[in-house]
Amino acid sequence: MNWKPRAVPILLLCSCMLVLGGCNKEDKNKADNDKSSEETKAINEGEYSALLPFSVSDAGQKHAQMQTNLSDTLTIGTGLMELSKEYFSSKTYAFRGGKYLDYNTLDASADNSGLLGRTSKKNANGLNPAVGDVFPTDDGDKKITANDVLLLDIFEYDWYQNKELKGLSLALVFNDKIGTEPKEATIDSDKMKLYGEECARKLVNYLRKAKPEIGNNTPIYVALYNTSSDDATLPGTYFEEAYFESKTNAEFKAINEKWALFPTSTATKLDGTNATYFDRYKASFQDFLGQDIDMIGKGHFMDNELTDLRINVKLHAKSADEVIAAVQLLDERLSIFSSNNFKITVVVKADDVDVATITRNKGTSSTVAQTLLY
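Parameters at a glance
- Residues numbered from 1 in each chain as written.
- Predicted model: local features only at pLDDT ≥ 70, side-chain atom pairs only at ≥ 80, totals over all residues.
- Heavy atoms only, no water.
- Helix = DSSP H or I, 4+ residues; strand = E, 2+ residues; numbered from the N terminus.
- Polar contact = N/O pair within 3.5 Å; in protein donor to acceptor, adjacent residues only side chain to side chain.
- Contact = heavy atoms within 4.5 Å.
- pLDDT = per-residue confidence, 0-100.
- Pairing = 2+ DSSP bridges.
- Axes fitted to C-alpha atoms, helices over the stretch in contact; angles between N-to-C directions.
- Expected span 1.5 Å × (residues − 1).
- Buried < 20%, exposed > 50% of the residue type's maximum accessible area, 1.4 Å probe, protein only.
- Core = buried A, V, L, I, M, F, W, Y, C linked by side-chain atoms within 4.5 Å.
- Phe/Tyr/Trp six-rings, centres within 6.5 Å; stacked < 30°, edge-to-face > 60°.
- Lys NZ or Arg CZ within 6 Å of the ring centre and 35° of its normal.

A.B. asks: Looking at this structure, I do not really get the side chain of N274. What am I missing?
C.D. replies: With respect to the element layout, N274 can be found in helix α7 (residues 272-285). At 2.8 Å, the side chain of N274 forms a polar contact with the side chain of D271. Beyond its immediate stretch of four places on either side in the chain, N274 contacts F262, L306, F337 and F342.

Here it is as C-alpha cells:
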C-alpha cells in the first residue's frame with residue numbers, strides 16, 4: 001500500500017452547525033429503529049450478520065479522502081472484523097456501521113475541531129501531533145511540519161445484541177513517514193507504538209465522555225494499523241491491540257501480522273513449503289495455452305502462520321472454451337496445496353476482464369469454481 005498523507009489536506013473548508021433539539025430527534029430515531037431492527041443472515045459461516053436498517057455513516061466520505069485504493073479500505077475493515085471476533089463473537093453479535101465517529105467528528109475542519117486535527121489549545125481532542133513536535137526516525141530526530149499527518153483515519157464498527165449496543169471496535173490508521181520523497185524518514189517503531197497507544201486512550205476517553213450511549217461501561221476494542229508495507233502492492237498491517245472493558249484502562253499487546261508476495265524470498269522465509277507449492281502450481285499451468293501467464297499470490301500471515309492466499313491469474317484467452325478449460329485446470333491443480341489450514345482464493349482475468357473465481361475455504365479440500373462469462 002502506498003498512501004500519500006502529505007497530499008491530503010488536513011484542513012477542510014466547511015464544518016457543520018449543531019442543531020438545537022438534536023438529542024430528542026436522535027432518541028426518536030433510535031426508538032423507530034428499534035421497532036424495525038432485524039439481523040441479516042451472514043454470507044459465510046463464522047462471519048458477522050449486519051443489523052438492519054443499515055445506517056450509512058457519512059464517515060465514509062472521510063475514508064475516501066484519506067486513502068487512494070478501495071481495496072486498502074476493505075482490508076482495514078475486514079481485518080478489524082476478524083480481530084474483533086476474539087471479543088465480540090460472530091455467533092452472538094450483529095454489527096452496524098459506526099455512527100459515533102461521523103464526518104464532522106473526524107474532520108480537521110476550518111476551526112480545527114476534528115479528532116483528525118492537530119492537538120492544540122483550540123482543539124484539545126485533536127489526535128495528530130502539533131507542528132514542531134519531535135519524533136525519532138531512521139534519519140535522526142525530525143520535527144513535524146504542517147504537511148506531516150500521522151493519524152490518517154479512524155474506522156468504527158458497533159456491536160449489538162438483541163438490538164442493544166454492546167460494544168465498539170475501532171481501527172486507528174497511522175502513517176509512519178515524515179517528510180516528502182525522496183527524503184522521507186521512518187518514525188522509530190517504539191515511538192509509533194507509544195504515540196498510537198496515547199491516541200487510542202485519548203479517543204476512548206473522548207467517546208465515553210461525549211457519547212452518553214457509550215458511557216463508561218461499554219467495552220471498546222481498539223486496533224492500531226500502519227499503512228506502510230514492504231511492497232506498494234501489499235496492504236499495511238495491524239501492529240497492536242487493546243480491549244477497554246471500562247473507562248480508559250487497558251493493556252496493549254502486539255499483533256504479529258504480515259503480508260508477503262508469492263513468489264518472493266520473503267514468502268519462502270515465512271512458509272517455504274507453500275512457497276514451493278505455489279511454484280509448482282504456477283509451473284503446472286505455464287504452457288496450457290501455449291503462452292506464458294501472469295500469476296502472483298498475496299499471502300496473509302498471523303503469528304507467522306499462513307491464513308489466506310489470494311492468487312491472481314491473468315491469461316490471454318481468445319474464446320470462452322479456452323477460459324472454461326483454464327478454470328477447470330486451475331481448480332483441479334489446487335490440490336497441489338496439500339494443507340487446508342488456510343483459505344485460498346483464485347481470481348482469473350482474461351486480459352482486464354474478470355472471468356472466474358475459485359475458492360477453497362479453510363478446513364476443507366473442496367473447491368467452489370464459478371465462471372463469470374455471460
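A.B. asks: I'm lost on the confidence of the model for the protein in this one. Help?
C.D. replies: Regions with low pLDDT should not have their predicted coordinates read in detail. When pLDDT is averaged along the protein, the result is 85, and 84% of the positions lie at 70 or above. Overall, residues 1-35 carries pLDDT values under 50, and its contacts beyond four positions in sequence, including any with other chains, amount to 58 contacts.

A.B. asks: I keep staring at the sheet that holds strand β10 (residues 220-226) and nothing clicks. Help me out?
C.D. replies: Sheet strands line up and pair through hydrogen bonds in the backbone, either parallel or antiparallel. Spatially, the eight strands line up as an open sheet ordered β1-β2-β3-β6-β7-β10-β11-β12, and their pairing is mixed. The sheet is open, and its two borders are formed by β1 (38-39) and β12 (253-254), each paired with just one other strand. In this structure, β1 lies alongside strand β2 (residues 49-52), joined through two bridges in antiparallel fashion. Counted as the bridge partner of E39 is L51 from β2. Sitting on the sheet, helix α5 (residues 189-210) is in contact with β6 (151-161), β7 (164-174), β10 and β11 (237-244), with an inclination near 150° to β7.

A.B. asks: Looking at this structure, I do not really get the sheet that holds strand β14 (residues 294-302). What am I missing?
C.D. replies: Spatially, six strands are ordered β13-β14-β15-β16-β17-β18 in an open sheet, and the strand pairing comes out mixed. At either margin of the open sheet sits one strand with a lone partner, and together these are β13 (257-262) and β18 (368-371). Recorded for the sheet is a direction-independent mean angle of 15° between the axes of neighbouring strands. Of the pairings in the sheet, the one linking strand β16 (residues 343-350) to strand β17 (residues 353-360) comprises seven bridges and is antiparallel in character.

A.B. asks: Looking at this structure, how should I read α5?
C.D. replies: The α-helix winds at 3.6 residues per turn, so residues separated by three or four positions along the chain end up facing the same way. Across its 22 residues, α5 extends 31 Å between first and last C-alpha, which sits within 8% of the 32 Å expected from 1.5 Å per residue. Every buried residue of α5 is accounted for by M192, Y195, G196, E197, C199, A200, L203, V204, Y206, L207 and R208. Here the buried face of α5 lies against α4 (103-106), β4 (134-137), β6, β7, β10 and β11. Sitting at the head of α5, D188 places a side-chain oxygen 3.1 Å from the backbone nitrogen of D190.

A.B. asks: When you look at the pairing of β17 in this model, what are you seeing that I'm missing?
C.D. replies: In summary, the side chains of a regular strand alternate between the two faces of the sheet. Hairpin connection between β16 and β17: a loop of two residues separates the two successive antiparallel strands, and D351 in this loop has a positive phi of roughly 60°. Relative to β18, β17 is paired through four bridges, and the arrangement is antiparallel. Bridge pairing links I358 to A369 in β18.

A.B. asks: I'm lost on α7 in this one. Help?
C.D. replies: When the terminal C-alpha atoms of α7 are compared, their 21 Å separation across 14 residues agrees well with the 20 Å that a helix rising 1.5 Å per residue should span. Check the buried side of α7 and you find it contacts β13, α6 (265-270), β14, β15 (305-315), α8 (320-332) and β16.

A.B. asks: It is not clear to me how the nonpolar core should be interpreted in this structure. Could you clarify?
C.D. replies: Nonpolar side chains in soluble globular proteins tend to end up buried together. One finds I154, L172, F174, L203, L207 and V222 to be the most contacted residues of the largest nonpolar core, which totals 38 residues. Looking at this core, the elements with two or more residues in it are β6, β7, α5, β10 and β11. A per-element tally of this core places α5 first, with eight residues. Apart from residues lying up to four places away in sequence, L203 is in contact with L101, L115, L127, I154, L170 and L172. Core analysis: the second largest hydrophobic core is formed by 33 residues, F301, L309, I311 and A356 among them.

A.B. asks: Whenever I open this one, the packing of aromatic side chains confuses me. Can you help?
C.D. replies: The geometry of an aromatic ring pair is captured by the separation of the ring centres together with the interplanar angle, meaning the angle of the planes. Under the definition given, this model contains 19 aromatic pairs. Taken together, a centroid distance of 5.3 Å and an interplanar angle of 80° make the contact between F88 and Y93 edge-to-face. Here the aromatic residues Y48, Y87, F88, Y93, F95, Y157, W159, Y221 and Y243 are joined through ring pairs into a cluster of three or more. Seen from the ring of Y160, R96 lies directly overhead, with NZ or CZ sitting 5.4 Å from the centre. Between the NZ or CZ atom of K191 and the centre of the ring of F135, over which it lies, the distance is 5.1 Å.

A.B. asks: Would you take a moment to explain the side chain of Q286 for this structure?
C.D. replies: Inspection of the secondary structure assignment puts Q286 in the loop between α7 and β14. By relative accessible area, Q286 is classed as buried at 17%. Each residue touching Q286, except ones within four places of it in the same chain, is listed here: Q291, D292 and I293.

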